[in-house]
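# Descriptive structure summary
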Amino acid sequence: MNELPQQLVNGLLLGSMYGLVAIGYTMVYGIVQLINFAHGEIFMTGAFGALSVYLWVLPNGTTMWIALPLMLIGAMLVASLVAVGAERFAYRPLRGAPRLAPLITAIGLSLALQQAVWAWYPEATSARTFPQIEGGPFHIGDVTIQTGDVFLLAAAPISMAVLAYFVMKTRTGRGMQATAQDPDTAKLMGVNTDRIIVVAFALGAAFAAIGGVAYGLKYGQIDYRMGFILGLKAFTAAVLGGIGNIYGAMIGGVVLGIAETLATAYIADIPGMDQFGSQSWADVWAFVLLILVLLFRPQGLLGERVADRA
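Here the residue numbers are simple positions, counted from 1 along each chain's written sequence. For this predicted model, a pLDDT threshold of at least 70 governs which residues receive local features, and a threshold of 80 or more governs which side-chain atom pairs are given and counted, while totals over whole chains, interfaces and linings are taken from all residues. Note: side-chain values were computed over all heavy atoms of the structure, leaving out hydrogens and water.

Take the overall build of the protein chain next. Only DSSP runs of H or I reaching four residues or more are called helices, and only runs of E reaching two or more are called strands; each is numbered from the N terminus. A tally of helices and strands in the protein chain yields 11 helices and four strands. Both definitions apply: the radius of gyration is a C-alpha atom measure, and the globule rule equals 2.2 Å times residues to the power 0.38. Over its C-alpha atoms the protein chain spans a radius of gyration of 19 Å, differing by no more than 12% from the 19 Å that the globule rule assigns to 310 residues. Oriented by its inertia axes, the alpha-carbon framework of the protein chain measures out at about 60 × 55 × 35 Å. Taking all 310 residues of the protein chain together, 51% fall into the buried category. Burial classes follow relative accessibility: with a 1.4 Å probe on protein chains only, a residue under 20% of its type's maximum area counts as buried, one over 50% as exposed, and anything between as partly exposed.

If you want it as structure tokens, here you go:
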């Protein structure tokens, strides 16, 4: 029990990362009813975009306090360009097709992006070292927080606040709400639905890129395959919170992160269950939680906010 505060903080950090990526899933699904399984690779390209800025744009020896804002800009720019390109050339031509076609396309795009990053970084067959922020760790009672974790703790709520303001207060945000509710009527009312969809892809990618930078700062390395499992968990978080519900995506991510952390930390203490508490079982418990939620509350924790389009 003495470790519980630390485990809760670890779960909050992990869940915040899931939530940042899950926002992109839920925004795109809420508007075009597409489950973009390539979104995990958008997260990965954002991380490599940040690393590219650090290695090839900034002078050697640049302190991370100066480099980090520029790396974030580079990450969001790369991820957004990849996402907008995917929407324009992979998803838009299939917008009127049966739902299975864009789903298969998303899986193919996921594999293509992995191979593209591998070709751009031939040495990416092994994990690449990610630059770290100087200082830390910080101790608050029995809880230890690394410097990279501080970035994640700040980035998640700030990102949610910016997104909430954008969706609720701006003209484009209201257009997103209208398009999510009824795209045909929104188009008749003068909303440029193609532009709205592009903005949704770009915004979701930008948040995923922030999550990618946070991943590198937290774990100290990135890999071209890192987006696949994390993308699946982010999708799980979006379903847990209520697919199409932006706030539910972040809450679902936090719930998933805490549940996963507590399961791996404490299940091993149960007699006869020690083999089920290893880190290799963390993915299993995440999807067990998803199955339970789908069985007992299929609309998610906060419910869907997507209109039923017959």
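Having seen the structure, we can now continue with the description.
Checked against the element boundaries, G212 lands in helix α8 (residues 193-219). Sequence separation between G212 and P298 is 86 residues; the distance between their C-alpha atoms is 29 Å. Dropping the residues within four chain positions of it, G212 is found in contact with F43 and A47. Residues are treated as being in contact if the distance between any of their heavy atoms lies within 4.5 Å.

Turning next to the packing of helix α5 (residues 147-169) against helix α6 (residues 171-181). Angles here are taken between N-to-C directions and fall from 0 to 180 degrees, while the axes themselves are lines fitted to C-alpha atoms, restricted in helices to the stretch in contact. Relative orientation of the contacting elements α5 and α6 amounts to 75°, with a least axis distance of 5 Å. If you check the angle between α5 and α6, you find them roughly perpendicular. Touching F166, V167, M168 and K169 of α5 are R171, T172, G173, R174, M176 and Q177, all from α6. Charged means Asp, Glu, Lys or Arg here, nonpolar means Ala, Val, Leu, Ile, Met, Phe, Trp, Tyr, Cys or Pro, and polar covers whatever is left, Gly included. When grouped by side-chain class, the residues that make up the contact of α5 with α6 number four nonpolar, three polar and three charged. Angle categories are assigned with fixed cut-offs, so that under 35 degrees is roughly parallel, over 145 is roughly antiparallel, 65 to 115 is roughly perpendicular, and the rest are oblique.

Next up on the list: unusual backbone geometry. For residues other than glycine, phi is negative in most cases, and the peptide bonds are mostly trans. Despite not being glycine, Q33 shows a phi value in the positive range, around 60°. Counting through the fold element by element, Q33 comes out in the loop between α1 (4-32) and α2 (39-57). The buried category is assigned to Q33, whose relative accessible area is 15%.

All right, on to the packing of aromatic side chains then. Side-chain rings of Phe, Tyr and Trp (the six-membered ring for Trp) are treated as a pair once their centres are within 6.5 Å; stacked means planes under 30 degrees apart, edge-to-face means over 60, and tilted covers the remaining angles. In the structure shown here, the tally under the stated rule is six aromatic pairs. With 5.8 Å between their ring centres and 90° between their planes, F43 and Y215 make a pair best called edge-to-face. Of this pair, F43 sits in helix α2 while Y215 sits in helix α8, and the two are 172 residues apart along the sequence. Across this residue pair, the class does not change: F43 and Y215 are buried. Three or more aromatic residues link up through ring pairs in this structure, and these residues are Y25, F37 and F235. Two limits define a charge over a ring: the Lys NZ or Arg CZ must be within 6 Å of the ring centre, and within 35 degrees of the ring normal. In this structure, R88 is placed above the aromatic ring of F89, and the distance from its NZ or CZ to the ring centre is 5.6 Å. Its guanidinium or amino end placed over the ring of Y219, K218 lies 5.6 Å from that ring's centre, counting from NZ or CZ.

Criterion for a salt bridge: a side-chain nitrogen of Lys or Arg within 4 Å of a carboxyl oxygen of Asp or Glu. One pass over the structure, following the stated rule, counts six salt bridges. Note that D194 and R95 form a salt bridge whose closest N and O atoms lie 2.6 Å from each other. Placement of D194 in helix α8 and of R95 in the loop between α3 (64-91) and α4 (100-120) is noted, with a sequence separation of 99 residues between them. The class for D194 is partly exposed, based on a relative accessible area of 30%. Salt bridges here are not isolated pairs; linked through shared partners, they connect E87, R92, R95 and D194.

So, on to the confidence of the model for the protein chain. Each residue carries a pLDDT score, the predictor's confidence in it, ranging from 0 to 100. Considering every residue of the protein chain, the mean pLDDT works out to 87; 92% of them sit at 70 or more. Confidence drops under a pLDDT of 50 for residues 306-310, and excluding neighbours within four residues, the segment shows 15 contacts in the predicted structure.

Here the focus is the nonpolar core. With 88 residues, the main nonpolar core has Y91, F151 and V213 as its most contacted residues. Of all the elements, α8 adds the most residues to this core, at 15 residues. Excluding its chain neighbours within four sequence positions, the residues that come into contact with F151 are L68, L72, I210, V213, A214 and L217. For the purposes of this section, nonpolar cores are sets of buried Ala, Val, Leu, Ile, Met, Phe, Trp, Tyr and Cys residues that join through side-chain atoms within 4.5 Å.

Let us now look at the environment of A90. Following the sequence through the fold, A90 ends up in helix α3. Residue A90 is classed as buried on the basis of its relative accessible area, which comes to 19%. The spatial distance from the C-alpha of A90 to the C-alpha of P102 is 7.9 Å, given a sequence separation of 12 residues.

With that out of the way, let us pick up helix α10 (residues 246-266). A helix's residues, less one, multiplied by 1.5 Å, set its expected span. Over its 21 residues, α10 runs 31 Å from end to end, which matches the ideal 30 Å to within 8%, given 1.5 Å per residue. Contacts described as polar in this section are N or O atom pairs within 3.5 Å, which, within protein, must combine one atom able to donate a hydrogen with one able to accept it, while residues neighboring in sequence count only if both atoms come from side chains. Where α10 begins, the side chain of N245 points an oxygen toward the backbone nitrogen of Y247, at a separation of 3.2 Å.

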